[in-house]
Amino acid sequence: MELVRFANTVSSEEIINAVKEHGYCIIDNLVDSEVMDKIAEEMAEFIDTSPYGCDRFLGHTTKRTGSLVARSETARELIALPVILDAAQKHLSKSSTFQLNLTQIISVYPGSPAQVLHQDQLTWDFFNFPDEFETQFNLLWALTDYTEENSATRLVPKSMYAGTRQKFTPEQTVCAEMKKGSVLIYTGKIYHGAGENKTDKVRQSINITYSAGWLRQEENQYLATPPEIAATLSDDMLKLMGYQCACFALGYVRDFEDPLNVFRNKQKRIVPGLNIVKENGHDIAKSYALEEI
Ligand SMILES: O=C(O)CCC(=O)C(=O)O
Ligand SMILES: [Fe+2]
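A few points on the structure.

Definitions and limits used
Note that residues are indexed from 1 along each chain, following the sequence as it is written. Chains carry letters and ligands carry numbers; both start at the beginning, A for chains and 1 for ligands, and go up in the order they are written. Given that the model is predicted, a residue must reach a pLDDT of at least 70 before its local features are reported, and side-chain atom pairs must reach 80 or more before they are shown or counted; all residues, however, enter totals for whole chains, interfaces and linings. As a rule here, side-chain values cover all heavy atoms of the structure and leave hydrogens and water aside. The criterion for strand pairing is that DSSP finds at least two bridges linking the strands in question. Helix numbers and strand numbers start at the N terminus; a helix is a DSSP run of H or I with at least 4 residues, a strand a run of E with at least 2. We call two residues in contact when some of their heavy atoms are within 4.5 Å. Only the contacting stretch of a helix is used when fitting its axis, a line to C-alpha atoms as for every element, and angles between N-to-C directions run 0 to 180 degrees. Donor criterion used throughout: N, O or S atom within 2.8 Å of the metal, extended to 3.2 Å for Na, K and Ca. Water excluded; incomplete-looking sites may result. When accessible area is computed with a 1.4 Å probe and restricted to protein chains, residues below 20% of their type maximum are described as buried, those above 50% as exposed, and intermediate ones as partly exposed. What makes a salt bridge here is a side-chain nitrogen of Lys or Arg within 4 Å of a carboxyl oxygen of Asp or Glu, nothing more. Proximity is defined per residue: if any heavy atom of the residue lies within 4 Å of a molecule or strand, that residue is considered near it. Identification of polar contacts relies on pairs of N or O atoms within 3.5 Å, with a donor-acceptor requirement for protein atoms, meaning one able to donate a hydrogen and the other able to accept it, and with residues adjacent in sequence counted only if both atoms are side-chain atoms. Residue-level accessible areas treat just the shown protein chains as cover; the underlying method is Shrake-Rupley with a 1.4 Å probe. Under the scheme applied, nonpolar residues are Ala, Val, Leu, Ile, Met, Phe, Trp, Tyr, Cys and Pro; charged residues are Asp, Glu, Lys and Arg; polar residues are all the others, including Gly.

**Overview of the sheet that holds strand E2 (residues 24-27)**
Working step 1: Taken together, seven strands build an open sheet; the order of strands is E1-E2-E8-E5-E10-E4-E3 and the sheet is mixed. Of all strands in the sheet, those with a lone pairing partner are strand E1 (5-6) and strand E3 (62-66), marking the two edges.
Working step 2: Here strand E4 (residues 98-108) runs beside strand E10 (residues 203-212); their pairing, made up of 10 bridges, is antiparallel. Within E10, the position partnered with Gln99 by the bridge is Ser211.
Working step 3: Here helix H2 (residues 33-49) sits on the sheet in contact with E3, E4, strand E5 (136-142) and E10, set at roughly 105° to E3.

Structure representation (structure tokens):
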């Protein structure tokens, strides 16, 4: 089966349309392979010391190494790539805010068996989200070339509306082969999993996922990035990490203060923004403004 793939001139609109129709797409060479080499270098010491997975899903010969915002300055560029953020915002637009959900390097070592096919959104307690509600916008960046032999991620095209706990055969999957610097983008609803690594080399990807602003993040961004590093980041990056309120009131601090301003030691309180909509007879604020205290 032909893979859904784009050149790196693709627009965010084309990305989200492909994800809506097929559940995934690949963008070839979205960044230069040197960007990947830099991230690999910055993360090498952490990958060396991170543990193998503790169960079959995580993989007994697969390592996951997180905290990319804190550990890799170059990874921050990937996390905040404008075309990706634009597509994430559009894909998750049923929610008034979206956020960084997790960052990790996945290293699949030689001999690793294929991972069970799964939907990433099952992370939220296997909750059966409605088809039209997108929870996640997920990325696997090829940190090494991705081949069928070295465990490139396998996906079941168009499986995103099949419902939870479905089973698929390997024959129903496609293999996301791509070069280093390319990226696989997929909805949290599509069935997928790492393939088997039949080679004698490690396969590595950078898994960066974004989620609806009101869902609990998988990777705890407030603790993963120590405050002294967080203080050096831009407001936009901090907001993406969750230093902002979702849906008006989720995440406020003390006396209805805005988290980013508390973190920056500014005295501001949240007030409803202009975007107030009527839902079930109630006025619901979909955004907020800040007022000096
Ligand atoms: O490593 C891969 O190819 C996919 C990993 C994955 O899907 C997961 O851990 O949720
Ligand atoms: Fe997954």
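Read on for the rest.
**A word on the coordination of the iron ion (ligand 2)**
Working step 1: Protein-derived coordination of the iron ion (ligand 2) comes from His118 (NE2), Asp120 (OD) and His192 (NE2), at a distance range of 2.1 Å.
Working step 2: As a motif over one chain, the donors of the iron ion (ligand 2) read H-x1-D-x71-H. Placement of Asp120 in the loop between E4 and E5 and of His192 in strand E9 (residues 192-193) is noted, with a sequence separation of 72 residues between them.
Working step 3: Looking at Asp120, the relative accessible area reads 17%, which means it is buried.

**Structural notes on the pattern of salt bridges**
Side chains carrying opposite charge are able to pair once their charged atoms draw close together.
Working step 1: Here the structure, examined in full by the defined rule, presents 10 salt bridges.
Working step 2: As a salt-bridge pair, Glu13 and Lys90 come within 3.8 Å of each other at their nearest N and O atoms. Of the two residues, Glu13 sits in helix H1 (residues 12-22) while Lys90 sits in helix H5 (residues 82-91), which places them 77 residues apart along the sequence.
Working step 3: The partly exposed category is assigned to Glu13, whose relative accessible area is 40%.
Working step 4: Where Arg254 meets Glu257, a salt bridge forms, and the shortest distance between an N and an O atom there is 3.1 Å.

**Some thoughts on the site of ligand 1**
Working step 1: Close to ligand 1 lie Phe57, Arg64, Ile106, Gln115, His118, Asp120, Leu140, Tyr146, Thr153, His192, Ala194 and Arg203.
Working step 2: One nitrogen or oxygen atom from the side chain of Arg64 is found 2.7 Å from an oxygen atom belonging to ligand 1.
Working step 3: Within the contact set of ligand 1, an oxygen atom lies 2.6 Å away from a side-chain nitrogen or oxygen of Thr153.
Working step 4: Computed on the free molecule, ligand 1 has an accessible area of 290 Å², of which 95% lies beneath the protein chains in the complex.
Working step 5: Among the residues forming the shell around ligand 1, the class breakdown is five nonpolar, four polar and three charged.

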